[in-house]
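# Structure assessment
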Amino acid sequence: HYRTTPGDLWRVLDAPNIRLYAMVEGGAVVAATMVAMEGGLSEELLDVLVSGRGSVRGHALPQSLVSHLGHRLAGAMKMVRSVRIAVHPARRRRGLGSALMHYVHADNEPDIFGTLFGATPEVISFRRKGGYEPVRISASRGARTGEPSVMMVRPVSIAATTLFGILRAEYARDLPMQLALLEGGPSAALEPELRNALLEDLPPAAALCAQTERAQVMDYAFGARTFEAVALSVARFVDLHQEHLESLTPSSRAVIEHRVVARQTWPQVTEAAGLSSPRASMRLLRRAMRRLVELAEPAWVSETPGRDSG
């Protein structure tokens, strides 16, 4: 499942924030897990993530919470991320994985436990039993597994529990759009079991107020957040300002119409817009949205410090 390479072993031995836990029976390892100590980022590093000027190596969980979900304060929290967990095939279905997971919980005192993995109903269920819940799903499938990535977290501190409630409500609000983007391609529907696992026990959805919508549109058009992270706000903005689409170039209009409005996949958008690659489509969509904001809401640009048309 993990498709481990020799390079992975090199990174484990070299990384200063990795811890390994093993369960031993009769002198043999029957279960093992690798966790990363993450978070506690400085204000300078948080500035880097928020601005999109770079990434912070070895801090996947806080980086996603800050860059993708827009929660800057989360980056300062201490986190333990479960990177991998495995049980010997001959010892599975005996609760060893759960016992090892709970041992890691008892051996550490972060604000948040979390994990990122290729989503399957089985792994989501396993993590749920350990107190984790989904707070983000990617709108694309992993190159290795063909599965969307899901982030699950387990709050510990009071501050993290408050954040967790916000993240879950935002997840409930944004999930329908994320699923629409994920399933936009031919034969791309998720397995019913996985869909049900992602939709299980959703809290009331967070409201998308005008202030949040404006901030998310600006963060995408002039900032570093991905389209998928703010797709609902961008789609609403486009719907309100359809009359300005005719002022865009044909290719800019095409990427907006096919990705934002029709929810098509990046390869489909690339073909429709006559572009060279999905990456080119991603870059053009940001520029197209930047231009649309300038045409439809010029005051937003002039009133926001540090924003320019670049």
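Everything below is about the structure shown above.
Residues numbered from 1 in each chain as written. Predicted model: local features only at pLDDT ≥ 70, side-chain atom pairs only at ≥ 80, totals over all residues. Heavy atoms only, no water.

### Digging into the overall build of the protein chain
When helices and strands are tallied, the protein chain shows 13 helices and six strands. The C-alpha atoms of the protein chain give a radius of gyration of 21 Å, which matches the 19 Å a tight globule of 310 residues would have. The C-alpha extent of the protein chain, read off along each of the three principal axes, is 70 × 45 × 40 Å. The burial tally for the protein chain puts 46% of its 310 residues in the buried class. Across the protein chain, contacts joining residues at least 24 apart in sequence account for 66% of those joining residues at least 6 apart. Between the centroid of the 36 positive side chains of the protein chain and the centroid of its 32 negative side chains there is a distance of 5 Å. (Helix = DSSP H or I, 4+ residues; strand = E, 2+ residues; numbered from the N terminus. Rg over C-alpha atoms; globule rule 2.2 N^0.38 Å. Buried < 20%, exposed > 50% of the residue type's maximum accessible area, 1.4 Å probe, protein only. Contact = heavy atoms within 4.5 Å. Lys, Arg positive; Asp, Glu negative; His and termini not counted. Charge placed at Lys NZ, Arg CZ, Asp CG, Glu CD.)

### Thoughts on the sheet that holds strand β4 (residues 112–118)
Sheets are built from strands that pair by backbone hydrogen bonding, the pairs being arranged parallel or antiparallel. If you walk across this open sheet you meet the six strands as β1-β2-β3-β4-β6-β5, and the pairing is mixed. Of all strands in the sheet, those bounded by a partner on one side alone are β1 (18–25) and β5 (133–141). Taking each pair of neighbouring strands and ignoring which way they run, the sheet shows an average axis angle of 25°. (Pairing = 2+ DSSP bridges. Axes fitted to C-alpha atoms, helices over the stretch in contact; angles between N-to-C directions.)

### A look at the pairing of β1
Relative to strand β2 (residues 28–39), β1 runs antiparallel, the two being bridged by eight bridges. Looking at β2, one finds that Y21 is bridged to T33.

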